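One-letter residues, chain by chain:
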Amino acid sequence: MELKIFKDKQEVAQRFSAYFAELVDKKSVFHVALSGGSTPKVVFDVLADEFSSKIDWNKIHFYWGDERCVPPTDDESNYKMTVEHLFSKIDVPKENIHRVLGENEPLGEAYRYANLLEINLDRIDGIPQFDLVILGMGDDGHTASIFPHEIELWNAQYHCTVATHPESGQKRVSINGKVINTAKEVAFLVTGAGKAEKVKAILEKTEGFEVYPASLVNPSSGNLVWFMDEDAASGLS
Ligand code: 6PG
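Not measured: the values here are computed from a predicted model.

Calculation notes
Residues numbered from 1 in each chain as written. Predicted model: local features only at pLDDT ≥ 70, side-chain atom pairs only at ≥ 80, totals over all residues. Heavy atoms only, no water. Near = heavy atom within 4 Å. Polar contact = N/O pair within 3.5 Å; in protein donor to acceptor, adjacent residues only side chain to side chain. Areas by Shrake-Rupley, 256 points an atom, 1.4 Å probe, with all protein chains shown as cover. Nonpolar A, V, L, I, M, F, W, Y, C, P; charged D, E, K, R; others polar. Buried < 20%, exposed > 50% of the residue type's maximum accessible area, 1.4 Å probe, protein only. Helix = DSSP H or I, 4+ residues; strand = E, 2+ residues; numbered from the N terminus. Pairing = 2+ DSSP bridges. Right-handed = clockwise from strand over helix to strand, strands pointing away. Expected span 1.5 Å × (residues − 1). Axes fitted to C-alpha atoms, helices over the stretch in contact; angles between N-to-C directions. Contact = heavy atoms within 4.5 Å.

Caption draft 1: Structural detail: the site of the ligand. Near the ligand, the surroundings consist of 15 residues, among which Ser-38, Asp-66, Arg-68, Ala-144 and Lys-195 are the closest. At a separation of 3.0 Å, an oxygen atom of the ligand approaches a polar side-chain atom of His-142. At 3.3 Å from an oxygen atom of the ligand is found a side-chain nitrogen or oxygen belonging to Arg-172. Considering the ligand on its own, with 420 Å² of exposed area, one finds that the protein chains cover 88% of that surface. Across the shell around the ligand, the residue classes tally to 2 nonpolar, 9 polar and 4 charged.

And the structure:
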């Protein structure tokens, strides 16, 4: 595991984008799972502004580690956010964008998406393998859309599962823990002081850290990188 701590969200976005460009460069086809949240938004801006001509977008296939069950026109849609901040500004073939159909019935969509991953990606012991899974972590220690009150979904049977947001009750489609931990690389993007307590608990394994789904991220490849700003890392001793 590697910790990379930068001054602020902007620098996190810049350094992550450079890391992303380097990973993509090494491959002829690259399958990445994106996440929602405020940090990816800044990353997408940086990728669009500073890397649009430096990356061969044709070889990247985009998926989502989690998506809110809303239509693609809804402001809550992770897909919509990605179109606005990235896809509308780069040259990426439409066929390379594999969105979760948030407008569909959640359980059926979780199955459809799991099946799509199985077809499109290489498999390790039957589990689809991403080249990179990008994850955020919520203030409550959730990651992808696996929340503390449903931590058992980490071990959900098939590659994707339906989760429920603890406050809004909004349904989400999320990849499960096996898919996350089978990825060749996993990168956490974690910024803001609201994350400091959980970052400390998880990285220093303080009492009770096991209740946070983000603590279960442990790819078999060993390639886990935490990109954090100083605020998120401020509790670390
Ligand atoms: C989502 C996300 C979620 C997010 C975290 C962190 O769709 O809600 O994928 O898991 O990554 O909540 O979000 P921030 O980057 O906004 O802190």
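Moving on from the coordinates now.
Caption draft 2: Just the pairing of strand β3 (residues 60–64), in detail. By the criterion of burial, β3 is predominantly enclosed, with 5 of the 5 residues buried. Alternating residues of β3 divide into Ile-60, Phe-62 and Trp-64 and His-61 and Tyr-63, and every residue in both groups is buried. Sheet topology note: the strand β2 (residues 30–34)/β3 ladder contains 5 bridges and is parallel. Of the residues in β3, the one forming a bridge with Val-32 is Phe-62. Taken together, β2, helix α2 (residues 38–50) and β3 form a β-α-β motif whose crossover is right-handed.

Caption draft 3: Just helix α4 (residues 106–120), in detail. Between its first and last C-alpha, α4 extends 21 Å over 15 residues, near the 21 Å set by a 1.5 Å rise per residue. One side-chain oxygen of the residue at the start of α4 lies 3.0 Å from the amide nitrogen of Leu-107, identifying that residue as Glu-105.

Caption draft 4: Quick peek at the sheet that holds strand β1 (residues 2–6). In spatial order, the strands read β1-β11-β10-β7-β2-β3; together these 6 strands make up an open sheet with parallel pairing. Of all strands in the sheet, those bounded by a partner on one side alone are β1 and β3. Recorded for the sheet is a direction-independent mean angle of 20 degrees between the axes of neighbouring strands. On the sheet, α4 packs against β2 and β3 and is oriented at approximately 155 degrees with respect to β3.

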